[in-house]
Amino acid sequence: EDQVTQSPEALRLQEGESSSLNCSYTVSGLRGLFWYRQDPGKGPEFLFTLYSAGEEKEKERLKATLTKKESFLHITAPKPEDSATYLCAAHSNDYKLSFGAGTTVTVRA
Amino acid sequence: DTAVSQTPKYLVTQMGNDKSIKCEQNLGHDTMYWYKQDSKKFLKIMFSYNNKELIINETVPNRFSPKSPDKAHLNLHINSLELGDSAVYFCASSPYGPPPVYEQYFGPGTRLTVT
């Protein structure tokens, strides 16, 4: 069965303190690895798609990387507005999208 | 302009009732989805429609019935509501095609509370 595990569950950072979130996946043939951001009371908002090991994508203070077993979301010099739950999801060969439980990031000023 | 919209945003109802949630997308996407997010924040896919045709139907009680009148709309009807149905339900849409697969755009969610 497809499985996506995110760690840590929660991350508290000081403004400017860089860190990384981990997403480990076990799926039957990865077609794509997605990162989403979810704010309280809202739907997930798309951030990145990664398709193959070694691929990297960047957007502002966020950078996503992919290996054959896991993906990392690096947050560089975070600001309070980066506080959110970050979800990763793996799209498998049978076109199913499996989500992790998310990492809740809190950035204090 | 809202890309994916859902109504209602909140739904409080009693056990045994039947209720519907509506979803509309104005992105011109071919594929729409329903997800359930439980209290532990896990998002689980329930259904997926492509051009009004059901393509994914996960292990969901048959009390849940999706209906797609056209490719811009996907409604969710729930019969005989149970306490365990309480959750946030998200509608999403994406372009459809062969790999590479596409990102999904989510609606704001409908918080269903069954009492």
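Keep in mind that this is a model prediction, so the values were computed, not measured. (Residues numbered from 1 in each chain as written. Chains lettered and ligands numbered in written order. Predicted model: local features only at pLDDT ≥ 70, side-chain atom pairs only at ≥ 80, totals over all residues. Heavy atoms only, no water.)

1. Some thoughts on the sheet that holds strand E1 (residues 4-7) of chain B
All names here are of chain B.
No. 1: Taken in spatial order, the four strands line up as E1-E3-E8-E7 in an open sheet, and their pairing is antiparallel. Bordering the open sheet on either side are E1 and strand E7 (64-70), each of which pairs with just one other strand. With direction set aside, neighbouring strand axes in the sheet form an average angle of 20°.
No. 2: As paired elements, E1 and strand E3 (residues 19-25) share four bridges and run antiparallel to each other. The residue bridging Gln6 from the neighbouring strand is Cys23, located in E3. (Pairing = 2+ DSSP bridges. Helix = DSSP H or I, 4+ residues; strand = E, 2+ residues; numbered from the N terminus. Axes fitted to C-alpha atoms, helices over the stretch in contact; angles between N-to-C directions.)

2. Here we look at the state of the cysteines
Residues and elements named next belong to chain A.
No. 1: Taken as a whole and judged by the stated rule, the model has two disulfides over all chains.
No. 2: For Cys23, the disulfide goes to Cys88, at an S-S distance of 1.9 Å. Around the S-S axis, the bridge from Cys23 to Cys88 shows a dihedral of about 70° and counts as right-handed. Linking Cys23 in strand E3 (residues 19-26) with Cys88 in strand E9 (residues 84-91), this pair joins segments that are 65 residues apart in sequence. (Disulfide = S-S within 2.5 Å.)

3. Some thoughts on the sheet that holds strand E1 (residues 3-7) of chain A
Residues and elements named next belong to chain A.
No. 1: Ordered in space as E1-E3-E8-E7-E6, the five strands form an open sheet in which the pairing is antiparallel. In the strand order of this sheet, the two ends are held by E1 and strand E6 (56-59), each with one partner. Going from strand to strand, the sheet's axes swing by 15° on average, the running direction of each strand aside.
No. 2: Relative to strand E8 (residues 70-75), E3 is paired through six bridges, and the arrangement is antiparallel. Counterpart to Ser20 in the pairing with E8 is His74.

4. Description of the packing of aromatic side chains
No. 1: What the rule picks out here adds up to 10 aromatic pairs over all chains.
No. 2: Relative to Phe46(A), the ring of Tyr36(A) has its centre 6.0 Å away and its plane inclined at 70°; by these criteria the two rings are edge-to-face. Note that Tyr36(A) is positioned in strand E4 (residues 32-38) and Phe46(A) in strand E5 (residues 45-50), a separation of 10 residues in sequence.
No. 3: For the ring pair Phe99(A) and Tyr35(B), a centre distance of 5.7 Å and an interplane angle of 90° mean the geometry is edge-to-face. Taken together, the residues span two chains, with Phe99(A) in strand E10 (residues 97-99) and Tyr35(B) in strand E4 (residues 31-37).
No. 4: Since its relative accessible area comes to 5%, Phe99(A) is described here as buried.
No. 5: A relative accessible area of 0% places Tyr35(B) in the buried class. (Phe/Tyr/Trp six-rings, centres within 6.5 Å; stacked < 30°, edge-to-face > 60°. Buried < 20%, exposed > 50% of the residue type's maximum accessible area, 1.4 Å probe, protein only.)

5. Section: the environment of Ser52(A)
All names here are of chain A.
No. 1: In this structure, Ser52 sits in the loop between E5 and E6.
No. 2: For Ser52, a relative accessible area of 42% corresponds to the partly exposed category.
No. 3: Separated by 15 residues in the primary sequence, Ser52 and Thr67 have C-alpha atoms spaced 7.5 Å apart.

6. Re unusual backbone geometry
No. 1: With omega at -10°, the peptide bond leading from Ser7(A) into Pro8(A) counts as cis.
No. 2: Tracing the backbone shows Pro8(A) in the loop between E1 and strand E2 (10-14).
No. 3: Unlike most non-glycine residues, Glu60(A) shows phi in positive territory, near 55°.
No. 4: With respect to the helices and strands, Glu60(A) occurs in the loop between E6 and strand E7 (62-66).
No. 5: Unusually for a residue other than glycine, Lys52(B) sits at a positive phi of about 75°.
No. 6: On the secondary structure map, Lys52(B) appears in the loop between strand E5 (43-50) and strand E6 (53-57).

7. Here's the deal with the interface of chain B and chain A
It is common to report an interface's size as the accessible area lost on association of the parts.
No. 1: With 20 residues of chain B at the interface, the matching set in chain A holds 20 residues.
No. 2: On the surface where chain B and chain A come into contact, there are zero salt bridges.
No. 3: Joining chain B to chain A, the criterion identifies three residue pairs in polar contact (both at pLDDT 80 or more).
No. 4: Those elements that provide at least two residues to the side of chain B that touches chain A are E4 and E5 of chain B.
No. 5: Of the residues belonging to the side of chain B that touches chain A, the class tally is 12 nonpolar, three polar and five charged. (Contact = heavy atoms within 4.5 Å. Salt bridge = Lys/Arg side-chain N within 4 Å of Asp/Glu carboxyl O. Polar contact = N/O pair within 3.5 Å; in protein donor to acceptor, adjacent residues only side chain to side chain. Nonpolar A, V, L, I, M, F, W, Y, C, P; charged D, E, K, R; others polar.)

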